[in-house]
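# Breakdown of the fold
Each chain is listed here by its residues.
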Amino acid sequence: MSFVTRGFSGRRREPDTRLPPGQTLVQDWPVLSAGPTPHVDTADWELTVQDETGTDHRWSWDELLALGVEDVTVDIHCVTHWSRLDMGWRGVSLDKIFEDVESEHEYVMAHSYGGYTTNVPLEDLLDGKAWIATEADGAPLDPEHGGPARLLVPHLYFWKSAKWVRGLTMMPDNDPGFWEQYGYHLYGDPWKEERYW
Amino acid sequence: MTHHLDGNVLAGALSEVFTTDMTAARGRCGGCGHMAAIAEAMVYTDAPGLVARCAGCDQVLATVVDTGDRVILSLAGLSAVELRR
Amino acid sequence: MSAPSVTLGRSRPRPAWHVATVVETRRETPTAARLVLDVPTWPGSEAGAHLDVRLTAPDGYQASRSYSIASATPAGQVVLAVDELPDGEVSPFLVRDLRPGDQLELHGPLGAFFVWRPGTGDRPVQLVAGGSGVVPLYAMAAAHGAAADPAPFRLLYSVRTPDDVYFADELAGLAGPAFALDLVYTREAPAGWPDAVGRLTREALAARTVPAAHRPHVYVCGSTGFVETVARWLQELGHAAADIHTERFGGL
Ligand SMILES: Cc1cc2nc3c(=O)[nH]c(=O)nc-3n(C[C@H](O)[C@H](O)[C@H](O)COP(=O)(O)OP(=O)(O)OC[C@H]3O[C@@H](n4cnc5c(N)ncnc54)[C@H](O)[C@@H]3O)c2cc1C
Ligand SMILES: [Zn+2]
């Protein structure tokens, strides 16, 4: 691509060794949406984990919080090239959720209110690597950012951190979720720039 | 406060795949059966790809992902497309 | 009836990439610029069509945005009008930084749905614009005037102040028996303006547009919020959904 538009630089792109390749640091928090924003009241909210026997493990909002909420500071990397560093989050570790779930399956499909899905290997959700997040930047997650609760898997591109999460289904195979079917990488490691198929 | 545009905005991306303008073509939603011009779909552009949804039922009709050197198009949500000769 | 539209379809120029050279940029409104581009390979376009502008930074970073084409003809030249969004990535560059001689990449012409074609019937046409949303509708009004098409045209145009009218002279020049121009001022009107200043209301829309009973083709363009509100009111006023064509520019 030899064409260059004189004087155009686009949004500021600062190099930073803490940023994966191809990422730009932002201070704000861009809102991405692939559809209408679901508005779910915490009184109606429920998280369901389904194992291979078809058994549903359910948590209401209060039951989720009763598992124990923790504060974490993580970097997030969106596949649309922006990253935020040292972002404060609050949520329930998925280790707590999976304590009660017996499964031989190694993959998980996350389901959201509104129909979104994304696939993640189970091991990427365990050992302190992932949360059901309920707060960010010191405030409850608003619906635009996935509230009342979203998945938080910060070591993968942010499309894996499903907004409005409502269920996790155990899967024998690594079936593709929404973006994974339509062109995005099955795993999505930002440090290896695993953006597309 | 969710923004969407009209299907008109898909014209550029679709012209890379089809030789005719596809926004004037009509498509049937695989979810609710609603028949409308592609230009009348609701398109979400603030996303990792373009996502076109049915104006009747919100079902995803089509997606376009631009990888730089490839364009990946899905029309999986449309059960039929009608093109006027 | 069907034969001419087949011919039209076949003769519509294929979208392609073009290199444009800026001939002139000038203030269109306090927040917008008019860009006159010389594009030798440009085939011309239908009234209402748009194009994608692609900008490339020295490090290869690219941004592209859609802009409606204000000029239907002639081939070889393209006129755009761009409103500056204060925090935008592309529009402030186009409005403030572009100079004569600069080059841009364009992809187009695009869109065969939100267009108006002369000679396609005598049903009236009602245009409804908010702010920069007038750009493709101005192209339609200009094409209507140039073709001396018999379909009655009417434009309802919502702007903040008299200074915010795009193509003010051109629109005033088109106004006449075949083209009625109605302005709604939301912040400030010219001295002695008879109508209330303020946001467009459903009642004002009803009073100053072609009634649904006359079965007009309606084209609505502006920010997403404006288009959504107007399209809903039009349906409440009895216009069939199939008669309402919309082009959302984005935003709230
Ligand atoms: C088919 C089509 C035709 C268009 N024609 C024109 C035209 O003729 N003239 C013109 O000026 N614009 C037109 N637009 C809008 C244009 O494509 C850009 O969206 C606009 O210039 C903003 O780009 P940006 O890079 O400056 O802002 P971005 O950096 O993309 O956005 C900055 C912020 O502004 C918000 N935003 C985006 N678009 C709008 C909007 N239209 N109104 C209010 N807020 C917005 C965004 O959500 C974001 O928060 C058209 C859009 C479409 C889809
Ligand atoms: Zn549908």
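Quantities reported herein were computed from a predicted structural model and do not represent experimental measurements.

### Quick word on the overall build of chain B
The helix and strand tally for chain B stands at one helix and eight strands. Compactness check: chain B gives a C-alpha radius of gyration of 12 Å against a globular reference of 12 Å for 85 residues, within 12% of the reference. Of all 85 residues assigned to chain B, the portion counted as buried reaches 54%. Excluding contacts between residues fewer than 6 apart, the proportion of contacts in chain B whose partners are at least 24 apart in sequence is 47%. Total accessible area on chain B is roughly 3700 Å²; 48% of this is exposed by carbon and sulfur atoms.

### Details of the packing of aromatic side chains
Using the criterion set out here, one finds 16 aromatic pairs over all chains in the structure. Here the aromatic rings of A:F178 and A:Y182 are separated by 5.0 Å at their centres, their planes lie at 90°, and the arrangement is edge-to-face. The exposure classification of A:F178 matches that of A:Y182, with both residues buried. Centre to centre, the rings of C:Y138 and C:F167 are 4.2 Å apart; their planes meet at 10°, and the pair counts as stacked. Note that C:Y138 is positioned in helix α3 (residues 134-147) and C:F167 in the loop between β8 (153-159) and α4 (168-174), a separation of 29 residues in sequence. We note that C:Y138, like C:F167, is buried.

### What about the coordination of the zinc ion (ligand 2)?
Residues and elements named next belong to chain B. Those protein atoms acting as donors to the zinc ion (ligand 2) are C29 (SG), C32 (SG), C54 (SG) and C57 (SG), and they sit at 2.3 to 2.4 Å. Bound by four donor atoms, the zinc ion (ligand 2) shows angles of 103 to 115° at the metal and therefore tetrahedral coordination geometry. Within one chain, the residues donating to the zinc ion (ligand 2) are spaced in sequence as C-x2-C-x21-C-x2-C.

### Description of α3(C)
Residues separated by three or four positions in an α-helix point in the same direction, a consequence of the helix having 3.6 residues per turn. Residues and elements named next belong to chain C. With 14 residues, α3 ought to run about 20 Å at 1.5 Å a step, and its terminal C-alpha atoms sit 20 Å apart, in line with that. A large share of α3 lies buried, amounting to ten of its 14 residues. Turning to α3, its buried residues number three or more, namely V134, V135, P136, L137, Y138, A139, M140, A141, A143 and H144. Following α3 by one or two positions, A148 has its phi on the positive side, about 45°.

### Points about the site of ligand 1
In the vicinity of ligand 1, 25 residues are found, and the nearest of them are A:R11, C:S66, C:Y67, C:D83 and C:S91. At the site occupied by ligand 1, nearby residues are drawn from chains A, B and C. C:S68 has a polar backbone atom sitting 3.1 Å from a nitrogen atom of ligand 1. C:F249 places a polar main-chain atom, nitrogen or oxygen, 3.2 Å from a nitrogen atom of ligand 1. Coverage of ligand 1 by the protein chains reaches 79% of its 920 Å² of free accessible surface. Where the shell around ligand 1 is concerned, the elements lending two or more residues are β4 (62-68), β5 (77-83), α2 (91-97) and β11 (244-248) of chain C.

### A word on the domain arrangement of chain C
Residues and elements named next belong to chain C. Split into domains, chain C comes out as domain 1 (16-110) and domain 2 (125-249). Between the C-alpha centres of domain 1 and domain 2 there is a distance of 24 Å. Among the residues domain 1 hides against domain 2, the three largest losses belong to A47, S68 and A70. Together they make up 32% of the total. At the junction of domain 1 with domain 2, the criterion picks out one salt bridge. Between R34 and E170 there is a salt bridge whose closest N-O contact spans 3.0 Å. Summed over the shared surface of domain 1 and domain 2, the result is three residue pairs in polar contact (both at pLDDT 80 or more). When its residues are assigned to classes, the side of domain 1 that touches domain 2 shows six nonpolar, four polar and three charged.

### Focus on empty space enclosed by the protein
All names here are of chain B. What the rule picks out here adds up to four cavities of 30 Å³ or more. Its boundaries defined by the atoms lining it, the largest cavity holds a volume of some 80 Å³. For the largest cavity, the lining is made up of 13 residues, of which G27, A36, A37, A41 and L61 are closest to its centre. Sorting the residues of the lining of the largest cavity by element identifies β2 (26-29) and β3 (35-37) as the ones contributing at least two each. For the lining of the largest cavity, the element with the highest residue contribution is β2, accounting for three residues.

### Examining the sheet that holds strand β6 (residues 60-66) of chain B
Residues and elements named next belong to chain B. With antiparallel pairing, five strands are arranged side by side in an open sheet as β1-β4-β5-β6-β7. The sheet terminates laterally at β1 (5-6) and β7 (71-74), the two strands that pair on one side only. Sheet topology places strand β4 (residues 42-44) next to strand β5 (residues 50-53); three bridges connect them, and they run antiparallel. For M42, the partnering residue across the bridge sits in β5 and is R53.

### Things to note about the sheet that holds β2(B)
All names here are of chain B. The strand order across the open sheet formed by three strands is β3-β2-β8, and the pairing between neighbours is antiparallel. What marks the edges here is a single partner per strand, and that holds for β3 and β8 (78-82). Between one strand axis and the next, the sheet turns by 25° as a mean value, whatever way the strands run. Inspection of the sheet shows β2 paired to β3 by three bridges, in the antiparallel sense. Bridging across to β3, G27 finds its partner in A36.

### A closer look at helix α6 (residues 224-236) of chain C
For α6(C), spanning 13 residues, the distance from its first C-alpha to its last is 18 Å, which sits close to the expected 18 Å at 1.5 Å a residue. The set of residues buried in α6(C) consists of C:T224, C:F226, C:V227, C:V230, C:A231, C:W233 and C:L234. Residues of α6(C) that are buried in the fold lie against β1 of chain B together with β7 (125-130), β8, α5 (202-207), β10 (217-222) and β11 of chain C. Just downstream of α6(C) lies C:G238, where phi reads positive at about 105°.

### Focus: the interface of chain C and chain B
Interface extent is often summarised as the accessible area lost during association of the parts. If you look at the interface, chain C gives 22 residues, while chain B gives 20 residues. Between chain C and chain B, the buried area comes to about 1600 Å², and carbon and sulfur atoms account for 54% of it. When residues of chain C are sorted by the area they lose upon contact with chain B, C:R14, C:F113 and C:R248 head the list and together hold 32% of the total. Linking chain C with chain B are one salt bridge, by the criterion used here. With a shortest N-O distance of 2.4 Å, C:R248 and B:D6 are connected by a salt bridge. Linking chain C to chain B there are ten residue pairs in polar contact (both at pLDDT 80 or more). The leading source of residues in the side of chain C that touches chain B is β11(C), at three residues.

Conventions and cut-offs
Residues numbered from 1 in each chain as written. Chains lettered and ligands numbered in written order. Predicted model: local features only at pLDDT ≥ 70, side-chain atom pairs only at ≥ 80, totals over all residues. Heavy atoms only, no water. Helix = DSSP H or I, 4+ residues; strand = E, 2+ residues; numbered from the N terminus. Rg over C-alpha atoms; globule rule 2.2 N^0.38 Å. Buried < 20%, exposed > 50% of the residue type's maximum accessible area, 1.4 Å probe, protein only. Contact = heavy atoms within 4.5 Å. Areas by Shrake-Rupley, 256 points an atom, 1.4 Å probe, with all protein chains shown as cover. Phe/Tyr/Trp six-rings, centres within 6.5 Å; stacked < 30°, edge-to-face > 60°. Donors = N, O, S within 2.8 Å, 3.2 Å for Na, K, Ca; no water. Tetrahedral: all angles 85-135°; square planar, octahedral: opposite > 155°, others 65-115°. Expected span 1.5 Å × (residues − 1). Near = heavy atom within 4 Å. Polar contact = N/O pair within 3.5 Å; in protein donor to acceptor, adjacent residues only side chain to side chain. Domains from an automatic or database assignment. Buried area = accessible area lost by both parts, 1.4 Å probe. Salt bridge = Lys/Arg side-chain N within 4 Å of Asp/Glu carboxyl O. Nonpolar A, V, L, I, M, F, W, Y, C, P; charged D, E, K, R; others polar. 1 Å grid on protein atoms, 1.4 Å probe; cavity = no way out; pocket = protein on both sides within 12 Å on 5 of 7 lines; lining within 4 Å. Points joined across faces, edges and corners; volume = space filled by probe spheres on them. Pairing = 2+ DSSP bridges. Axes fitted to C-alpha atoms, helices over the stretch in contact; angles between N-to-C directions.

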